[in-house]
Structures are given as C-alpha cells and as structure tokens.
Amino acid sequence: MAQAINQALADCLAEDERVFVFGEDVGTLGGVFRITDGLAAKYGERRCFDTPLAESGIVGMAVGMAMNGMRPVVEMQFDAFAYPAFEQIVSHVAKMRNRTRGTVSLPMVIRAPYGGGIGGVEHHSDSSEAYYAHTPGLTVVAPATVADAYGLLRAAVAWPDPVIFLEPKRLYWSKEEVTLPAPTEPIGRAVVRRPGTDATLVAYGPSVQVALAAAEAAREEGWDLEVVDVRSIVPLDEQTLVASVRRTGRAVVVAEAPGFASVASEIAALLSERCFHALSAPVRRVTGFDIPYPSPKLEHHHLPDVERVLDAVATLQWEDA
Amino acid sequence: MAARSKAPGVELLPSAEPVRLIEADGTAVPRRVLPGPTELRAAYRALVLGRRFEQQATALVKQGQLAVYPSAHGQEAAEVGAVLALRPTDWIFPTYRDSVALLTRGVDPVEILTLLRGEWHCGYDPYVHHAAPQCTPLATQAPHAVGLAFAAQARHEDTVALAFVGDGATSEGDFHEALNFAAVFHLPVVFFVQNNQYAISVPVSRQSVAPSFAHKAVGYGMPGVLVDGNDAAAVLSVVGEAARRAREGEGPTLVEAVTYRIDAHTNADDATRYRPDEEVAGWLSRDPVARLSAYLTNSGQLNVDVEAAIAAEAEDLAADLRTRLVAELPPPADELFAHVYHRPTQRLRDQAELLRAESEER
Ligand SMILES: Cc1ncc(C[n+]2csc(CCOP(=O)(O)OP(=O)(O)O)c2C)c(N)n1
C-alpha cells in the first residue's frame, strides 16, 4: 500500500504542476514511512519539500496556497501529531467555502498515517477520524486496499473540497497483486467487498481486513457474512450500507477507534433508523475500548479482532430467525 | 579574518524610536522624506472616510443593527497606510478589527459589516478585492498569507501578502509559525502588527517582555521595523519599503505600528476597568486624522474646499451605509446547506428539505 500511495503522489506531481507535497521529513528522507520516497529527487525540491517542524504552519500554509490556485498535499507525520493543526483544520480548512459563500474553495489533501497495530509508543496509534468526520466541510476517506490507496488518493487530489486522507499504517506493508492505476469507485461510494446473506459487517480502513477474516472464519459457524467497506466516511454512502443491511437483516459495525461518540456509533444509529423493520437484531458495534491508545504490549486487547467480531455476530439473535 | 563591525542580526533590529515623519502637531520631522502629495491626499481621504465609517458602525451597534463592532478608532492611520502602501493586486489578510483596511481596499461598506452583523459568511468576494475574509481566531490568518505568497512565487507573480495581527495575537503559536515559515522559505510577506496596547483588557506588558514586537523579527532572521502607527505618512513609507523588499525577492519583514485603540474592544467591553482616562486622553492628542490634516493644510496641500468635499463624501458614505445595512435582507436559509461542500451531500439535501418544510408550515 505504501508503494501505491507513493505512485499516486508521483502521478499527481507529474500530471499537475499545481500539486505540491510537503511536511516533515518528506523530502530527502522520503517520510518516516517512506511514502514520499524519491519524489523530491524526481520532481524537485520546489514540488516536494521539508518544512519547519510545525503542523499548524504546514496546514495554514496549505490553506493560503490553495486559495491562490495550488493543490497542496501535506503529510502529518502521525495521527496524534496532527492535533496542533486542528485549529487550522476546523476553523479554516473546513469552513473557507462556507465563510466565503462558495467563492473560495480549498482543494487540498491532508494525509495522516492513522490507527494502531504496529506496536507504536504513545501518540503513534490514534484513530482520529471522528474529530474530522464531525466537522462539516471536511471530506474524510480511509483506504483499505492497495487499489483504493491509489485510486482514493488520486480522487482526493482532484476533489474540489479539502480531504482528510487517513492511511491505515498497519496496512502500509500489505501486498496485493494490482497493476496501477486500477479502476476504483469514486469518493462517496462504499463497496461490498464480500457478498453474504446472513449479516453485514461494516468496516473501514484497517478494520476491513479484520472483518474479511471474520467473515471467512464465520463460514465454519454456518454464517454467510457480507462485508461492506465504507471507504468514504464523509460523504457516507448511506444507500449501499442500508441496502446491504436491509438484505441481510443484521449488522455489526467494526472500527478500532474508541466507540463512544464515534463513526461506528453514527453508522450504527443510521442503520437502526433506516433499517429498523428489516432488522432481526439490534445493530452491534465492535470497537476499541474507550481508553487512551494502550501500550504495544496491551494493544491486542484493545483492537477488535476476529474473535470479538464473531462474538458479536453470535449475539445477533440467530435462534429467532 | 576581518572583524565584523556589528554582531550578526544587528542590522535586522528596529530603531529604538518608532519611525515618524510627521509630529503629532502636524509639523514634518526634519530631514525625512515624506510620501508625495498625491499619496498623502489619498491617505487623508481614506482616513476621513475610515473615521466616519467607524462612527457609523459604532452607532449601528447601539441601534441594535449590528451584533458587534470592534472599532479601530485611533488606529486608522495604521490600516490606511498599510493598505495604500500596497498594490491592489497584493493580498491582505485582515482581522475583525481591520474594517478600515477593507474600506480603503474598496470593499463595499455593507459587505464589510456582513460578518459583524451576525451573518455566517464574510460578505465580500476575496478574489475581487484580494482580501481574505476577516479572521477571528487570532493569528490563524498569518500562515495563510505565507501560503498565498508561496503560491504567488510559484506562479511567478510579484504579489505581496500582508497579514494584519494584533499585539495579543503575537503570543499565539501561529504567529511564530508564520514568521518562521516566511523566513525559511524567503517569501514576499509583510507581517503588520498593530500594537494598540491592549488585547481586550490585557496590556502589552502581559503579552511579551521583548523590547518591542518588532524586535521579535531578529529571531526569525528578518528585519523588524517600528513605526508610529498614528502617522499615516510613516506607515505608508515603512510598509512601502517592506513591500518593495518582498517584491524584489528580499524576503519578509515584520512591521510594528505603535498605536492606540481609543474605543473599548467592542460594545461588550468596559474599558474603564483596565485603563485610566488620562491614558486615553494622552493618545487622543496624537490623533492620526488631525495630524495629517494639519500637515497637509500647513503645507498648502489641502484647502477648505477639498476638505469639505471629502467630508461630504464621508457623510454620503455613512448615510448610504445606514440605509442599505438596515434594508439588506438575510440570504435565503437554503444557502446554509449550499456552501458546505462543492455539492451538498444527501444528508444536507435532506436537511435543507426539512428546513423548507418547516418554514412552509410556519
Ligand atoms: C484563538 C483565539 N483566542 C481567543 C480569542 C478571543 N479574543 C478575541 S479578540 C481578543 C484580543 C485580541 O487582541 P489583539 O491581538 O491585541 O488584537 P486587537 O483586538 O487589540 O485588535 C481575544 C482574546 C480569539 N478570537 N481567538
């Protein structure tokens, strides 16, 4: 996946001279995850460059650049280090279109490695999607596949609104045989990754792999589970989610962020409202605990895994069916 | 190796005294080059219009027509001088305090007050006036000026970006980040600190113990200049030089205009709680409008006829503002949903539909 993102950035830089890639250590080093590897060398230090160490400055500068016709793509080094830029994101990135009654749009992308599962020390494993998703004006996407990492990023750079692009860091090293560019669905579309008839697992980002593994394991229990990859948290493809759950009559939402006031909560509420009469059981959420992200030695307790997903599936009132 | 005559950075330091070209009584400071008569007369006109605009806006608050008005009474010379020193194609990044700057830029007075009367949007088209929306979260517009200048440079335009900042806002992290970025990337930016002595109630002594805000420039490796913010001629000259440097590729400058806010922070503020009347009186005697008027009159550059014509223009502006601001209707509620994304999401379309149905019922 890392390579797919790199390829997407390279193609954007090659095709559109308004695109600039910048952040901390993205130039010579190629980023701490090497996502921007080789871009500075290939496209020049004016197009891919290191900034002073200041997240608010990075995002604030991107705002001014986008106001003046550019398409900046900035990297936040880690999820939890984007918080200094939060004010810029909430007060300006999200609102500029609104504040100017549509005259100033900010086509920019804020990339952030997010989520846990890589044994990171504290401040290196946050799932911060709810903060962004809660803020009107931001588009929030999270790829779960190699093809989507490429396709969604290309779409994000071309998107007329600012996009928060959440890169599941534990999938950086995932490998799939895909020839890029591979065709992918647009922003705003969810995708059924695995069709099934008995229940729907809804997931995004790193949790999609967990859901797929759970669906595979569930076959032994005699359950045929559908897996829907949300892909685009904002705008959310309510239609695909609702259609799936109306068909299966049962749903479990899987995400690793703390569950309270989360994207998973929003999806669960939405499905309850829109599918109530088709449901055979309450919509369940399988999320991280409501705790600060735990230490590497304990993170496996926190992260939703196949077992926990199957346990939730088991509670979906099968005997009444 | 030859010894350096000065320690590195010394050439970046501001002078101990603010640059002043015209004294408070209107006499010219000896051996100083003043801007030309056309420029000064334009500044005078802008000062008079700005002052009248301020008074009208303040009155509109008292009449309940404006939600709030942060007056810049006393600071007009700083705002007028900074804007007139730039080209119309240069960008300004104003705050809620900088209505006179926008007026000087040619923005319609009603549009300037749109935000302050409580609308959700900024009222004017930033691309028409090369003016960003008036910014409320302190110092957050400064990095935008940096980014705009970066893009201008990438486009090979000689645009300069000027960010207005208050003395209190210099304590914010974004102020630091913006100066540092502008210096590191060597960008055409002018940071214009209007030191009006207070951030709401907090005096400058509680913001910083630096000798001046202009001194902060040295730490970023850019020149800092102190200027008398009540002297429009001096501001024109100092910001003009900073803009020239920026345009010619010499990088950013930090300018501190030393001035005073005569009115309270806003109508919600009781300024008598934190500053003595004598202090205000002292600054009233340094009034920027009277100062330039005296200089121009004494030097024969302004006669009663021109003065009267400008005064009449100011009255017209105020009358027109009163009539139109009161008559202006709020935009249709549908617009709330129209400008959140480039295309409203299904959710927003549903919510717009709900609101439409609600308003039809009522
Ligand atoms: C980030 C932020 N914190 C607090 C406020 C509330 N606030 C509005 S104006 C103000 C004082 C600002 O003082 P200064 O920067 O000196 O500008 P002035 O109002 O004097 O022009 C404060 C604290 C704000 N607007 N933004």
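Structural data are supplied above this passage.
Note that the structure is predicted; figures quoted are calculated from it, not measured.

Definitions and limits used
- Residues numbered from 1 in each chain as written.
- Chains lettered and ligands numbered in written order.
- Predicted model: local features only at pLDDT ≥ 70, side-chain atom pairs only at ≥ 80, totals over all residues.
- Heavy atoms only, no water.
- Salt bridge = Lys/Arg side-chain N within 4 Å of Asp/Glu carboxyl O.
- Helix = DSSP H or I, 4+ residues; strand = E, 2+ residues; numbered from the N terminus.
- Buried < 20%, exposed > 50% of the residue type's maximum accessible area, 1.4 Å probe, protein only.
- Patch = residues over 30% accessible without salt bridge, like charges linked within 9 Å, V, L, I, M, F, W, Y side chains within 5 Å.
- Areas by Shrake-Rupley, 256 points an atom, 1.4 Å probe, with all protein chains shown as cover.
- Lys, Arg positive; Asp, Glu negative; His and termini not counted.
- Charge placed at Lys NZ, Arg CZ, Asp CG, Glu CD.
- Pairing = 2+ DSSP bridges.
- Axes fitted to C-alpha atoms, helices over the stretch in contact; angles between N-to-C directions.
- Contact = heavy atoms within 4.5 Å.
- Right-handed = clockwise from strand over helix to strand, strands pointing away.
- Left-handed = near helix turned anticlockwise from the far one by under 90°.
- Nonpolar A, V, L, I, M, F, W, Y, C, P; charged D, E, K, R; others polar.
- Buried area = accessible area lost by both parts, 1.4 Å probe.
- Polar contact = N/O pair within 3.5 Å; in protein donor to acceptor, adjacent residues only side chain to side chain.
- Near = heavy atom within 4 Å.
- Core = buried A, V, L, I, M, F, W, Y, C linked by side-chain atoms within 4.5 Å.

Participant: Account for the pattern of salt bridges, with residues named and values stated.
Facilitator: Counted under the stated rule, the structure contains 38 salt bridges over all chains. Arginine 101 of chain A serves as the salt-bridge partner of glutamate 335 of chain B, at 2.8 Å between the closest nitrogen and oxygen. Here glutamate 335 of chain B is found in helix α13 (residues 335-338), whereas its partner arginine 101 of chain A is found in the loop between α5 (96-99) and β4 (109-114) on a different chain. Of the charged contacts in the structure, one is a salt bridge between arginine 45 of chain B and glutamate 313 of chain B, with a shortest N-O distance of 2.5 Å. With arginine 45 of chain B in helix α1 (residues 37-62) and glutamate 313 of chain B in helix α12 (residues 304-327), this pair connects stretches of sequence that are 268 residues apart. Judged by its relative accessible area of 29%, glutamate 313 of chain B falls in the partly exposed class. Put simply, Glu241, Arg244, Arg245, Glu248 and Glu250 of chain B are held in one network by salt bridges that share partners.

Participant: Outline a negative patch on the surface, supporting the account with residue identities and numerical values.
Facilitator: All names here are of chain A. A cluster of like negative charges, contributed by Glu220, Glu221, Asp305, Glu307 and Asp311, occupies part of the molecular surface. Tracing the chain through its elements places aspartate 305 in the loop between α11 (299-302) and α12 (306-314). You can call aspartate 305 partly exposed: its relative accessible area is 33%.

Participant: Which residues make up the sheet that holds strand β9 (residues 225-229) of chain A, and what values do they have?
Facilitator: All names here are of chain A. With respect to topology, 5 strands assemble into an open sheet ordered β7-β9-β8-β11-β12, the strand pairing being mixed. Lying at the two open borders of the sheet, with one neighbouring strand each, are β7 (191-194) and β12 (284-288). Geometrically, the sheet is characterised by an average inter-axis angle of 25° between neighbouring strands, direction not taken into account. Here strand β8 (residues 199-203) pairs with strand β11 (residues 251-258) via 4 bridges, running parallel. Its bridge partner being in β11, threonine 200 is matched across the sheet by alanine 251. The strands that helix α8 (residues 207-218) touches are β7, β8, β9 and β11; relative to β9, the one it contacts most, it runs at about 170°. Packed onto the sheet, α12 meets β8, β9, β11 and β12 and runs at close to 160° relative to β12.

Participant: Can you lay out the pairing of strand β7 (residues 253-258) of chain B for me, pointing to particular residues and giving the numbers?
Facilitator: Residues and elements named next belong to chain B. Counting buried positions along β7 gives 6 out of 6 residues, so the element sits mostly inside the fold. Both faces of β7 are covered, namely the face carrying Thr253, Val255 and Ala257 and the face carrying Leu254, Glu256 and Val258. Sheet analysis places strand β3 (residues 189-195) next to β7, joined by 6 bridges and oriented parallel. Bridge pairing links valine 190 to threonine 253 in β7. Sheet topology places strand β6 (residues 224-228) next to β7; 5 bridges connect them, and they run parallel. Its bridge partner lying in β7, leucine 226 is registered against glutamate 256. Crossover β6 to β7 through helix α9 (residues 232-247) is right-handed.

Participant: Any details on the packing of helix α2 (residues 76-84) of chain B against α9 of chain B? Residues and values, ideally.
Facilitator: Two packed helices can be described by the angle between their axes and the distance between those axes. All names here are of chain B. At a minimum axis distance of 8 Å, the contact between α2 and α9 shows a crossing angle of 35°. For the crossing formed where α2 meets α9, the hand is right-handed. For the pair α2 and α9, the contacting residues are Ala77, Ala78, Gly81, Ala82 and Leu84 in the first and Ala232, Val235, Leu236 and Val239 in the second. In the contact of α2 with α9, the residues fall into 8 nonpolar, 1 polar and no charged.

Participant: For the packing of α1 of chain B against α9 of chain B, give the residues involved together with the corresponding values.
Facilitator: Residue and element names in this part refer to chain B. The contact between α1 and α9 brings their axes to 10 Å, and the two run at 120°. Crossing hand, α1 versus α9: right-handed. Of the residues in α9, those in contact with Glu39, Leu40, Ala43 and Leu47 of α1 are Ala232, Ala233 and Leu236. In the contact of α1 with α9, the residues fall into 6 nonpolar, no polar and 1 charged.

Participant: Tell me about the interface of chain A and chain B, and name the residues and values.
Facilitator: Counting residues at the interface gives 47 residues for chain A, matched by 41 residues for chain B. Contact between chain A and chain B buries roughly 3,700 Å² in total, counting both sides, with carbon and sulfur atoms accounting for 60%. Inspection of the region where chain A meets chain B yields 3 salt bridges. In this structure, the connection of chain A to chain B is made through 21 residue pairs in polar contact (both at pLDDT 80 or more). Broken down by secondary-structure element, the contributors of at least two residues to the side of chain A that touches chain B are β2 (48-50), α3 (55-67), α4 (86-93), α5 and α10 (263-275) of chain A. By residue number, the principal contributor to the side of chain A that touches chain B is α3 of chain A, which donates 11 residues.

Participant: How would you explain the site of the ligand if you had to name every residue and give the values?
Facilitator: Residue and element names in this part refer to chain B. In the region of the ligand, 15 residues are neighbours, and Tyr96, Arg97, Thr136, Gly168 and Ala169 sit closest. Within the backbone of glycine 168, an N or O atom sits 2.8 Å from an oxygen atom of the ligand. The fraction of the free accessible surface of the ligand (580 Å²) that becomes covered by protein chains is 74%. Its residues placed into classes, the shell around the ligand shows 7 nonpolar, 5 polar and 3 charged.

Participant: Please give an account of the nonpolar core that cites residues and values.
Facilitator: Generally speaking, soluble globular proteins have nonpolar side chains that are buried together. Among the nonpolar cores identified, the biggest contains 91 residues, and Met67 and Leu271 of chain A together with Phe191 of chain B are the most heavily contacted of them. Among the elements that line this core, the one with the most residues is α3 of chain A, at 8 residues. Not counting residues up to four positions away in its chain, the partners in contact with leucine 271 of chain A are Val202, Leu241, Val242, Val245, Ala251, Val253, Phe276, Leu279 and Val283 of chain A. Ranked by size, the runner-up nonpolar core spans 64 residues in total, among them Val83, Val100, Ala257 and Tyr295 of chain B.

Without other data, these values stay purely geometric and don't point to any function.
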